[in-house]
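Close look at the chain arrangement
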Amino acid sequence: MIARPRSPRARLIAALDTADADRAAALAAALAPECGLLKVGLELFAAEGPAGAARVAAAGAPVFLDLKLHDIPNTVAGAVRAVLPLRPAMLTVHAAGGAAMVAAAREAAERGAGADRPAILAVTVLTSLDAAALAATGVAGGPVQQVLRLARLALEAGADGLVCSPREAARIRDAEGGAPLLVVPGVRPAGAAAGDQARVATPEEAVRAGADWIVLGRPITGAADPAAAARAIAEALGA
Ligand SMILES: O=c1ccn([C@@H]2O[C@H](COP(=O)(O)O)[C@@H](O)[C@H]2O)c(=O)[nH]1
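Residues numbered from 1 in each chain as written. Predicted model: local features only at pLDDT ≥ 70, side-chain atom pairs only at ≥ 80, totals over all residues.

As annotated in an unreviewed UniProt entry, the protein chain is Orotidine 5'-phosphate decarboxylase from Caldovatus sediminis. Quoted verbatim from the Subunit (unreviewed entry) field of the UniProt record, the comment on the protein chain reads "Homodimer." The record in UniProt for the protein chain states the following under Function (unreviewed entry): "Catalyzes the decarboxylation of orotidine 5'-monophosphate (OMP) to uridine 5'-monophosphate (UMP)." (UniProt positions renumbered as here; feature names shortened; annotations may be inferred.)

Right, here's the structure in full:
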């Protein structure tokens, strides 16, 4: 399983959100030397399938397969088995799928790949949801409470780590300690547009709050020079 990052550059995960495999491959080639991992998400996977992910992996950096699996345990276990040949370093499931589903994902990964398995990360509360949007889904108590509740559930069920916003990272560290891997999207360099992200902070704030890895998409891929944008973020973290 993937080890914690040892340098500012290694902390950086570039999200390659595009439906175009040629563009994803070009971004991957430019960004592999500048980042710890390259993230393949729903957009590329829905458009190009495992072949799209394989083109990103060909750039040489470990791949974070951010599929946010959320289904009955048997189906999630099958999906985990199906993506193992891509050898992802990280794979996401939704904590809201419940303890049995998270446990099924972990077991399928272990059985299929042994020590070489991907880290199973549980997404807590999407960073695009503010308190009002979360309340509208029927969840009372606000994002922090819900993140902490889902974090405990997922870790007890066998998740290796969590996906949360930078706003909850420190609270998770207080509650769960240093062991869980913490992957944090909703990160914006000072002055960058938040877009649809609701719970955001800067890269430096996210790392100070306890993030192991930070995920940035549009601030990197939307830049005129994505490699330079990634380098600037790593430099701000002390590279
Ligand atoms: O709660 C979550 C979980 C995953 N993501 C993913 O991270 C990137 C963020 O992209 P930006 O362009 O930097 O906003 C994207 O791929 C999401 O699917 C997230 O944002 N929030």
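Our focus in this paragraph is helix H7 (residues 143–156). Across its 14 residues, H7 extends 20 Å between first and last C-alpha, which sits within 8% of the 20 Å expected from 1.5 Å per residue. Looking at the buried side of H7, the elements it contacts are helix H5 (99–113), strand E5 (119–123), helix H6 (131–136), strand E6 (161–163) and helix H8 (166–176). One or two residues past the end of H7 sits Gly158, with phi positive at roughly 115°. (Helix = DSSP H or I, 4+ residues; strand = E, 2+ residues; numbered from the N terminus. Expected span 1.5 Å × (residues − 1). Contact = placed C-beta atoms within 7 Å.)

Looking now at helix H3 (residues 42–57). With 16 residues, H3 extends just 16 Å between its outermost C-alpha atoms, more than 12% less than the 22 Å of an ideal straight helix rising 1.5 Å per residue. At Glu48, H3 shows its maximal kink, close to 120°; a proline, Pro50, follows between one and four residues later. Within H3, burial applies to Leu44, Glu48, Gly52, Ala53, Arg55, Val56 and Ala57. On its buried side, H3 packs onto helix H2 (21–31), strand E2 (37–40) and strand E3 (63–69). (Bend = angle between axes of the 7 residues up to and from the residue. Buried ≥ 20, exposed ≤ 12 C-beta atoms within 10 Å, placed from the backbone.)

In spatial order, the strands read E1-E2-E3-E4-E5-E6-E7-E8; together these eight strands close into a barrel with parallel pairing. Within this sheet the neighbouring strands show an average axis-to-axis angle of 25°, counted without direction. One ladder, built from three bridges, connects strand E1 (residues 12–15) with strand E8 (residues 213–216); its direction is parallel. Paired with Ala14 across the bridge in E8 is Leu216. (Pairing = 2+ DSSP bridges. Axes fitted to C-alpha atoms, helices over the stretch in contact; angles between N-to-C directions.)

For the rest of this paragraph, the subject is the nonpolar core. One finds Ala14, Leu38, Ala105, Val184 and Ile214 to be the most contacted residues of the largest nonpolar core, which totals 80 residues. Aside from chain neighbours lying at most four places away, what touches Ala14 is Leu31, Cys35, Leu38, Lys39, Leu216, Ile220 and Ala230. (Core = buried A, V, L, I, M, F, W, Y, C linked by C-beta atoms within 7 Å.)

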